Structure formats: C-alpha cells, structure tokens
Amino acid sequence: MMTTATVRVPATTANLGAGFDCIGAALSLYNEFAFTPIDTESLVIAVRGLEAARVNTDASNLAYQAFVKLYSRIDRSPPVIQLEIKLGVPLARGLGSSATAIVGGLLGANALAGNPLSLADIMQLAIEMEGHPDNVVPALIGGCRLAATAASGWAIADIPWHDSVVPVVAIPDFELSTAEARSVLPTDYSRADAIFNTAHLGLMVRGLETGNPEWLSAALADRLHQPYRQQLIPGYTDVERAVVAAGGYGMVISGAGPTLLALTTAERADAVATAMTDAWATHNIQAQAQPLPVDMQGAVCS
Ligand code: HSE
C-alpha cells in the first residue's frame, strides 16, 4: 500500500519591525505538501492553487530539495516520489512561502523515513536551509517566536500574543524578492540605531504580550531594514498613514515585503484593511487586505 505523508504549513510574517531576522509569527494561511513514494523512475511534481504555474516542477523545487536534504542528513537515498502541492500562500510577497516549502519537505521526508530526526533537529536543518530563523521557526511550531543563537545551536522563545492584538495583512499585486530586499541593506549601523532597535524590540514584545495600546503604537518603528526597504514599496508612507488614521497601532513590512502588516484591534481590523487597500489603490496598486489571526499550531503532518 502506498503511504502518503501530507504536511500543512502556515504562512509567516517575519521581523515585526525591530525584530529583523530574529522574530516571526505564523499566520492562518496555508500551503500543503503531499509526498507519496511511487514505483516509477522519476520524480513527479504537481502544483495547484494560487500562482501554481510559477512553481518549479523539477528537482529544483524547494520542497523537494528539502526532502532530499533530510535523506542526505540521515545517509539514506530518498525514494522516488510524487509530490502534490496545494498553494494558499502567495509567492515572493513576504509571507514565508519559501519557509513553507522547506518545512514541508523536511517534515514529509522525516515522516516517510520513519521519523529518524527530532523536531529540534528538523528546526536546525530548516534554519540552515533558509539562512535565518524568523520564518521557518514559526512555520514549524506556530505562534510568535524569537530565535537567538546559543552555544548549543538556537534558543527559541515563545512570545505571548495578546488576544486583543489582530494582524491585518495587505498583499499587493507585485513581487519583491528577498535577495533584492536584502541587497539594499547596509552592512554597518550606528550605536544609536542599535540602541533604537534594542529598545523597540523589547517594547514590541511587551506590547504583544500585554496588548498595551501605548506601547504597541510606539513599538513598530525600526532602523535596521524598513528605512531602506520602503523605497522598494511604492505607496508605503500613504498606506502607513491610512493605517494610523483608521485607528491601527501601526504598520510594518511583512518579512522582506512587499506585503504590509498592520496591528490593530478586532473592532478596527476591517476598517484598517479597507484603508490599506484604498491607500494603495491611489498608487494604482491592487492589494488584498484581510485580518489574519496568528496560527498557534504550526506545521501539521498526517
Ligand atoms: N528576516 C528576513 C528579511 C525575512 O527580512 O530579509 C525574509 O525572508
């Protein structure tokens, strides 16, 4: 009998402003990856859903690369598989679509191989593949997570997210590659900028934990990446103004962008979403905006 390992992985929003490359939260939007060993000689990959035609269906497919990586880590040859991918997370928009593929591939391979690796091992492998932890960690275990290097690998802390704080994402109709969004960043920063981000990351963590409106309204500022990336996102300043005018706490770039993420209350979430799409429309940019609750479960393998 053919066994299929199916993995559902949530989208993620990385950075949350001042937490560049170290904090991220899972969002309730999903990609699904189903791995079935088959008796033919070559790999079969089928993709459906959002922007499916743009995903590679050969061995360069990222979920397949992650699948192979796990087998190589355990010194075994991967089986020939059929991989069926169902996409709900838009590509290259700053919502962690690559992280879903990495986590999906690693978990699918681990399941088919009889679970030789622990969750901690898989997390280390996922961070290694992605190069930074802020998408893959929440994609794997859900919630809002802070990752810091430690002597033994990575220390991962859960950041409590107060029920009253609602994320609203506005996803525009244009893409921005992470490589491009990273290429505009400086390599050195001043002491003043380091202090600014340290203080704002602390404030953001406490704001998320308590739902304190005053802290949240001040917490979303950043000096490590957003000032440099804003130029790649037309309409950024107008969308940010619209969020605040609609009663949101503020706005950040989701991951490397171009999706923008506002934080607000449940009562104001729909008004904030509308304000974001309207502001972008004045720049001739179509965007889809919606409140998207934090996913607390992470990747699920069945
Ligand atoms: N922390 C990363 C960045 C997330 O902002 O470049 C993108 O994958």
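Residues numbered from 1 in each chain as written. Predicted model: local features only at pLDDT ≥ 70, side-chain atom pairs only at ≥ 80, totals over all residues. Heavy atoms only, no water.

## Examining the domain arrangement of the chain
Point 1. Domain assignment breaks the chain into domain 1 (5–159 + 296–301) and domain 2 (166–291).
Point 2. Put simply, the middle of domain 1 and the middle of domain 2, counted by C-alpha atoms, are 25 Å apart.
Point 3. Each partner contributes residues to the interface: domain 1 has 23 residues there, and domain 2 has 32 residues.
Point 4. Summing both partners gives a buried area of about 2,000 Å² for domain 1 against domain 2, and 63% of it is carried by carbon and sulfur.
Point 5. Of all residues in domain 1, A18, F20 and R93 give up the largest surface area on contact with domain 2, accounting jointly for 32% of the area buried on that side.
Point 6. Where domain 1 packs against domain 2, one counts three salt bridges.
Point 7. At the surface where domain 1 touches domain 2, the tally comes to 13 residue pairs in polar contact (both at pLDDT 80 or more). (Domains from an automatic or database assignment. Contact = heavy atoms within 4.5 Å. Buried area = accessible area lost by both parts, 1.4 Å probe. Salt bridge = Lys/Arg side-chain N within 4 Å of Asp/Glu carboxyl O. Polar contact = N/O pair within 3.5 Å; in protein donor to acceptor, adjacent residues only side chain to side chain.)

## Overview of the site of the ligand
Point 1. The environment of the ligand is formed by A14, N15, F20, D21, H132, D134, N135, T178, R182, R229, G255 and A256.
Point 2. A distance of 2.6 Å separates a nitrogen atom of the ligand from a polar side-chain atom of D134.
Point 3. A distance of 3.1 Å separates an oxygen atom of the ligand from a polar side-chain atom of N135.
Point 4. Relative to its free-state accessible area of 260 Å², the ligand is covered by the protein chains to the extent of 95%.
Point 5. Contributions of two or more residues to the shell around the ligand are made by α4 (133–141) and α5 (178–183). (Near = heavy atom within 4 Å. Areas by Shrake-Rupley, 256 points an atom, 1.4 Å probe, with all protein chains shown as cover. Helix = DSSP H or I, 4+ residues; strand = E, 2+ residues; numbered from the N terminus.)

## Focus: the packing of helix α3 (residues 119–130) against α4
Any two packed helices are characterised by the angle at which their axes cross and by the distance between the axes.
Point 1. Between α3 and α4, the shortest axis-to-axis distance is 8 Å and the interhelical angle comes to 145°. In the packing of α3 onto α4, the handedness of the crossing is right-handed. Contact residues: L119, I122, M123, A126, I127 and E130 in α3; P133, N135, V136, V137, L140 and I141 in α4.
Point 2. Residues belonging to the contact of α3 with α4 are distributed by class as follows: ten nonpolar, one polar and one charged. (Axes fitted to C-alpha atoms, helices over the stretch in contact; angles between N-to-C directions. Left-handed = near helix turned anticlockwise from the far one by under 90°. Nonpolar A, V, L, I, M, F, W, Y, C, P; charged D, E, K, R; others polar.)

## Section: the sheet that holds strand β7 (residues 166–172)
Point 1. Taken together, the four strands give an open sheet; going across it, the order is β8-β9-β7-β10, and neighbouring strands pair in antiparallel fashion. Because the sheet does not close on itself, it has two edges, and the strands there are β8 (250–253) and β10 (287–291). The mean angle between the axes of side-by-side strands here comes to 20°, regardless of whether they run parallel or antiparallel.
Point 2. Of the pairings in the sheet, the one linking β7 to strand β9 (residues 260–264) comprises five bridges and is antiparallel in character. Its bridge partner lying in β9, V169 is registered against L261. (Pairing = 2+ DSSP bridges.)

## A few points about the pairing of strand β2 (residues 23–37)
Point 1. Most of β2 sits out of view: eleven of its 15 residues are buried.
Point 2. Judged from the ten bridges that link them, strand β1 (residues 5–14) and β2 form a sheet pairing that is antiparallel. The residue of β2 that forms the bridge with R8 is E32.
Point 3. Of the pairings in the sheet, the one linking β2 to strand β5 (residues 144–150) comprises three bridges and is antiparallel in character. Looking at β5, one finds that I23 is bridged to L146. (Buried < 20%, exposed > 50% of the residue type's maximum accessible area, 1.4 Å probe, protein only.)

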